[in-house]
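The residues making up each chain are set out below.
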Amino acid sequence: MGGIVDRNAYCQFLLVSQTNYTLTYFALHSGLFSHDAATRYLVRDRIRPSTLFAHVAEDLVLSAQGYLVFDDSVLDKNYSREIEGVYRQYSGNEHRVIRGIGLVSCVYVNPETLRYWVIDYRFYDPVFDGRTKLEHVSEMFNICVQKCQQGCLNFQAVLMDTWYATTRLMVQIHRSGAIFYCPVRSNRAVREVEATVKHPYQKVENLAWSVEESEIGKPVHLREFPQDLDLKLFRVVCSTADTDFIVTNDDAPPDTQAVQQVQGWRWKVEQFHREAKQLTGLEACQCRSRRAQRNHIGCALLVWTSLKAHAERLWTT
C-alpha cells in the first residue's frame, strides 16, 4: 500500500473501472496504492493539451478533405460545492443550467476513413485565466493553422455550433484561408446581395426563398461583417418543426444537400463527448482542487484515445 501512483497506473484504473472512479475505490482494488498516493499524483502531474496531441499524433490519419469541429460540453458537478473551476452553465444534455466544468474540444474528422480524433481541448475557467469559450476556440484554431504549416495537420473546413458563429471568429477563419460552415440563429440580421437593389437587413427567418435558392443557396451579407465579405446562406429543412440556416464562405458549395452532409460531420464531437463520459469517468472525479480535476480529465481523454484506436484496429465500436 506504499507505492507511488504514476500516470500509467491512474489511466489503467480509468480504463478498467466500469462505474466507480473514486480514489478510495482505486486504492481498495489495486492493492498497491493508497488513496492518498492517488491524490498526490493528481495534484502533482501536469497533463496539457499538447500531451494529448502527442499521444494522438501516432494514430492520426490526415486528409486534405478533413474537418475541424469545435464544441463544448459541461461536465456535471451539480451536487458539488467545493470543487474549483465549477460554474453555472447551460448543459445541452440536461437542457438546463447546471453547475459543472466547461470543456471546449477540438475534434479532427477524416471523412474518407470515417474516423475522428480529439486533438485539443481547453477548460472554461474565466476566474482562473479570464478567457471566454470563444477565445479558447480562437486560440485552438490558430494552433491548428500552425500545425498545418508544420505538416502535422491538414484540413479544408471548420464546423461549429451556433454559439461560435460570431463575426470575429468567422472572419478569423476566412482570413486564414480556411472554409467554415456555421449554423446561425433564425434572428440573425442579414442582407441579400443583389447587383442593383440593396435591401435593408432583416432576420434570416423572414427571407423569401425561391425554388432555385432553396437548392443552391442565397448570397447574403451578415450585419457587422466586412463590406467585401459576402457569404452564402443555405436553408436546411431537418423536419417539419426544425429548420437550420447555414452560412459558408465557400465560393462554390454544390447544393443544399451537400451542405447538409457536411454539417452531419459536426455530430462527431457530440459522439466523442458521450463516449468519453460513458467509458472513462470523465466527469466522475470528486477531488476539490483545480489541478487534480484537470489531470483527471486529461487522463480520461488519453484513455479515450487509446480505446478509440483499439476499437478501430478491431473494427468495432
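Here the structure is a predicted model, which is why all the values come from computation and not from measurement. (Residues numbered from 1 in each chain as written. Predicted model: local features only at pLDDT ≥ 70, side-chain atom pairs only at ≥ 80, totals over all residues. Heavy atoms only, no water.)

> What's the story with the pattern of salt bridges in this structure? I'm lost.
Note that side chains of opposite charge can pair when their charged atoms are close. A complete count under the given rule lists 14 salt bridges for this structure. Two residues, Arg115 and Asp59, come together in a salt bridge whose shortest N-O distance is 2.7 Å. Taken together, the positions of Arg115 in strand E4 (residues 115–124) and Asp59 in the loop between helix H4 (49–56) and strand E1 (67–76) put the pair 56 residues apart, joining distant regions of the chain. Relative accessible area serves as the criterion here: at 14%, Arg115 is assigned to the buried category. Under the relative-accessibility criterion, Asp59 is labelled partly exposed at 24%. (Salt bridge = Lys/Arg side-chain N within 4 Å of Asp/Glu carboxyl O. Helix = DSSP H or I, 4+ residues; strand = E, 2+ residues; numbered from the N terminus. Buried < 20%, exposed > 50% of the residue type's maximum accessible area, 1.4 Å probe, protein only.)

> Can you help me understand the packing of aromatic side chains in this one?
What describes a pair of aromatic rings is the distance from one ring centre to the other and the angle between the planes of the rings. Scanning all chains against the criterion turns up 13 aromatic pairs. Relative to Trp304, the ring of Tyr116 has its centre 5.9 Å away and its plane inclined at 35°; by these criteria the two rings are tilted. With Tyr116 in strand E4 and Trp304 in helix H11 (residues 290–313), the pair connects residues that are 188 residues apart, well separated along the chain. Exposure remark for Tyr116: the relative accessible area of 2% places this residue in the buried category. A residue is classified by how much of its surface remains accessible, and Trp304, at 3% relative accessible area, is buried. With 4.8 Å between their ring centres and 70° between their planes, Phe272 and Trp304 make a pair best called edge-to-face. With Phe272 in helix H10 (residues 267–280) and Trp304 in helix H11, this residue pair connects regions lying 32 residues apart in the sequence. Residue classification places Phe272 among the buried positions, given a relative accessible area of 0%. Above the ring of Tyr124, the side-chain terminus of Lys133 is found at 5.2 Å from the ring centroid. Of note, Lys147 hangs over the ring of Phe53, and the distance from its end group to the ring centre comes to 4.0 Å. (Phe/Tyr/Trp six-rings, centres within 6.5 Å; stacked < 30°, edge-to-face > 60°. Lys NZ or Arg CZ within 6 Å of the ring centre and 35° of its normal.)

> Please explain the side chain of Thr248 as it appears in this structure.
By secondary structure assignment, the location of Thr248 is in strand E11 (residues 242–248). Engagement of the side chain of Thr248 in a polar contact is seen with the backbone oxygen of Phe180, the distance being 2.8 Å. (Polar contact = N/O pair within 3.5 Å; in protein donor to acceptor, adjacent residues only side chain to side chain.)

> Just to check I follow, could you spell out H10 for this structure?
In an α-helix there are 3.6 residues to a turn, and that puts residues three or four apart on one side. Taking 1.5 Å per residue as the helical rise, H10 with its 14 residues ought to reach 20 Å, and the 20 Å between its terminal C-alpha atoms agrees with that figure. Along H10, the residues that are buried comprise Lys268, Val269, Phe272, His273, Glu275, Ala276, Lys277 and Thr280. At its buried positions, H10 is contacted by helix H1 (7–16), E1, strand E3 (96–110), E4 and H11. (Expected span 1.5 Å × (residues − 1). Contact = heavy atoms within 4.5 Å.)

> What is the right way to read the nonpolar core from this model?
Within soluble globular proteins, side chains that are nonpolar tend to cluster in buried spots. Counting 93 residues, the largest nonpolar core has Val5, Tyr10, Leu68, Phe70, Ile119, Phe141 and Phe155 as the members making the most contacts within it. Non-local contacts of Leu68, meaning those with residues more than four positions away in its chain, are made with Cys106, Val107, Tyr108, Ile119, Phe141, Cys144, Leu153, Phe155, Ala157, Val158 and Leu159. (Core = buried A, V, L, I, M, F, W, Y, C linked by side-chain atoms within 4.5 Å.)

> Help me understand the packing of H1 against H11, please; the structure alone is not making it clear to me.
Axis angle and axis distance: for two packed helices, these are the angle between their axes and the distance between the axes, and together they describe the pair. The interhelical angle for the contact between H1 and H11, taken along N-to-C directions, is 65°, at an axis separation of 9 Å. Between H1 and H11, the angle falls in the class roughly perpendicular. For the pair H1 and H11, the crossing hand works out as right-handed. Along the contact surface, H1 presents Arg7, Tyr10, Cys11, Leu14 and Leu15, while H11 presents His296, Cys299, Ala300, Leu302, Val303 and Leu307. Looking at the contact of H1 with H11 residue by residue, the class counts come to nine nonpolar, one polar and one charged. (Axes fitted to C-alpha atoms, helices over the stretch in contact; angles between N-to-C directions. Parallel < 35°, antiparallel > 145°, perpendicular 65-115°, else oblique. Left-handed = near helix turned anticlockwise from the far one by under 90°. Nonpolar A, V, L, I, M, F, W, Y, C, P; charged D, E, K, R; others polar.)

> I'm lost on helix H3 (residues 35–44) in this one. Help?
For H3, the set of buried residues is Ala37, Ala38, Tyr41 and Leu42. Taken around the axis of H3, the buried residues stretch over an arc of 135°, which confines them to a single face. For H3, the secondary structure elements touched by its buried residues are H1, helix H2 (23–30) and H11. (Arc of directions from axis to C-beta.)

> Would you take a moment to explain the side chain of Asp71 for this structure?
If you trace the backbone, Asp71 turns up in strand E1. This buried residue, Asp71, is left without a salt bridge; Arg266 holds the nearest opposite charge, at 4.9 Å. (Lys, Arg positive; Asp, Glu negative; His and termini not counted.)

> Would you mind going over the environment of Gln278 with me for this structure?
Along the chain, the position of Gln278 falls in helix H10. The exposure class of Gln278 is exposed, given its relative accessible area of 54%. Remark: the alpha-carbon pair of Gln278 and Asp251, spanning 27 residues in sequence, is separated by 40 Å.

> Teacher, can you tell me more about unusual backbone geometry here?
Despite not being glycine, Leu114 shows a phi value in the positive range, around 65°. Mapped onto the elements, Leu114 comes out in the loop between E3 and E4. One non-glycine residue, Trp315, lies in positive phi territory at about 55°. With respect to the helices, strands and loops of the structure, Trp315 is situated in the segment after H11. Assessed through its relative accessible area of 83%, Trp315 is described here as exposed.

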